[in-house]
Amino acid sequence: MQSLNEKIQKLKKDRHAVIVAHNYQMPEVQDIADYRADSLELSRIAAKTDAKVIVFCGVHFMAETASILSPDKTVIMPDKNAGCPMANMITVEDLRELKSRHPKAAVVGYVNTSAEVKTEVDICCTSTNAAKVVSSLKDAEEIIFIPDKYLADFVSKKTGRMLISWDGYCPTHVKILPEDIIRSVRLHPKAKVIAHPECRPEVIALADEALSTGKTCEYVKKSEAKEFVIATEVGLVYRLQKDNPEKKFYPASELAVCPNMKRTTLEKVLWSLEEMKDEVRVPDEIRKKAKKAIDAMLAIP
Ligand code: 13P
Ligand code: SF4
């Protein structure tokens, strides 16, 4: 009898599909994916792939971004209920109202936003390139940065620019507390501490580095250190350990689990390929406007 994995691989070929997974996906999902990456890389992969179908193992805004960039491809999500609570913290009406109070401001939108919100954004960013994106807006008198207040704080400190932020945050990353870092460092005194920029500022202040998931992978590979405390969603630890078996990784908090990222299972991946659903497609009018903001980001090297 064929294993689940074999069935997925066969169907993937038959459908001319590619399976992409975010770094927070469950280990078994990461293992069957063609690409595992952070939000920025997943966008680039979606824009470039020759596959007809993209099976997106991640959360809804990521699949939407793939569909915006590749409207001729069929983008399917194994679980369409995998949303991002942070992305849901701002609506297009909220953003319009904020813009009306700062009519001259340039608007930077984290990719963790809906396609509709992106229609009101000038340029998107991810946690990999947020500081670069803000620094590129040299002529802007004011900058609105939505929706993550902690990423805004991090970028503001890094670039020296005042940012008009929104009261959004990631419910998973706020679970990581300064005392978790203090305890982890006491237990692993030689470890380097890497925090995700979505963490609370007090956590970032205690870390050696604040990096996106993709940049964390790069940093760890190059680093001479042998041990690392990882202050982000626990799924990244699996990838880091697999890619660097000679090094040791400790999650700063076992509570940092994104339930939405964990909705995708191997069974659901198989069913999504069998039934070719659930498709994520962005209406053309929204897609064209949202694409401008994503393209502006992708144009930054
Ligand atoms: P990365 O871009 O670092 O992968 O982060 C995405 C995300 O949703 C973090 O919570
Ligand atoms: Fe959204 Fe946080 Fe989950 Fe990332 S970890 S997808 S920001 S809820």
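Each remark here, short or long, concerns the structure printed above.
All residue numbers refer to position in the chain's written sequence, counted from 1. As a convention, the first chain written is A and the first ligand written is 1, with the rest following in written order. pLDDT decides what is reported in this predicted model: residues at 70 or higher carry local features, side-chain atom pairs at 80 or more are listed and counted, and totals for whole chains, interfaces and linings draw on all residues regardless. The side-chain numbers reported here are obtained from all heavy atoms of the structure, hydrogens and water having been left aside.

Student: Pulling in residues and values, what's your account of the packing of aromatic side chains?
Tutor: Any pair of Phe, Tyr and Trp rings, taking the six-membered ring for Trp, is counted once the centres come within 6.5 Å. Such a pair is stacked with planes under 30 degrees apart, edge-to-face with planes over 60 apart, and tilted for the rest. Scanning the entire structure with this criterion turns up 1 aromatic pair. Relative to Phe249, the ring of Phe228 has its centre 5.3 Å away and its plane inclined at 15°; by these criteria the two rings are stacked. One end of the pair, Phe228, is in strand E11 (residues 227-231); the other, Phe249, is in strand E12 (residues 248-251), and 21 residues separate them in sequence. In this structure, Phe228 and Phe249 share a single accessibility class: buried. Each helix is a run of DSSP H or I of at least 4 residues and each strand a run of E of at least 2, with the numbering of both proceeding from the N terminus. Remark: exposure states derive from per-residue accessible area (1.4 Å probe, protein chains only) relative to the maximum for the residue type, with buried under 20%, exposed over 50%, and partly exposed in between.

Student: Outline the environment of Val174, supporting the account with residue identities and numerical values.
Tutor: Tracing the backbone through its elements, the reader meets Val174 in the loop between strand E8 (164-165) and helix H9 (178-187). Taking the relative accessible area as the measure of exposure, Val174 reaches 13% and is therefore buried. Expressed as a C-alpha distance, the spacing of Val174 and Leu255, which sit 81 residues apart in the sequence, is 9.9 Å. Not counting residues up to four positions away in its chain, the partners in contact with Val174 are Tyr150, Tyr169 and Arg200. A contact between two residues is defined here by any heavy atoms of the two lying within 4.5 Å.

Student: So, the site of ligand 2: which residues are in play, and what are the values?
Tutor: Whether a residue is near a molecule or strand depends on its heavy atoms: it is near if one of them lies within 4 Å of it. Near ligand 2 you find Tyr24, Val59, Cys84, Pro85, Asn112, Cys170, Glu198, Cys258 and Met261, and these make up its full shell. When residues are sorted by character, Ala, Val, Leu, Ile, Met, Phe, Trp, Tyr, Cys and Pro go into the nonpolar class, Asp, Glu, Lys and Arg into the charged class, and all the rest, Gly among them, into the polar class. Of the residues assigned to the shell around ligand 2, the class counts are 7 nonpolar, 1 polar and 1 charged.

Student: Go over the site of ligand 1, please, and point to the residues and values.
Tutor: Surveying the vicinity of ligand 1 reveals the residues His22, Tyr24, Asp38, Ser39, Asn112, Ser127, His173, His196, Glu198, Ser212 and Thr213. At 3.1 Å from an oxygen atom of ligand 1 is found a side-chain nitrogen or oxygen belonging to Ser127. Residues belonging to the shell around ligand 1 are distributed by class as follows: 1 nonpolar, 8 polar and 2 charged. Pairs of N or O atoms within 3.5 Å make up the polar contacts considered here, provided that, within protein, one atom can donate a hydrogen while the other can accept it, and that residues adjacent in sequence are counted only when both atoms are side-chain atoms.

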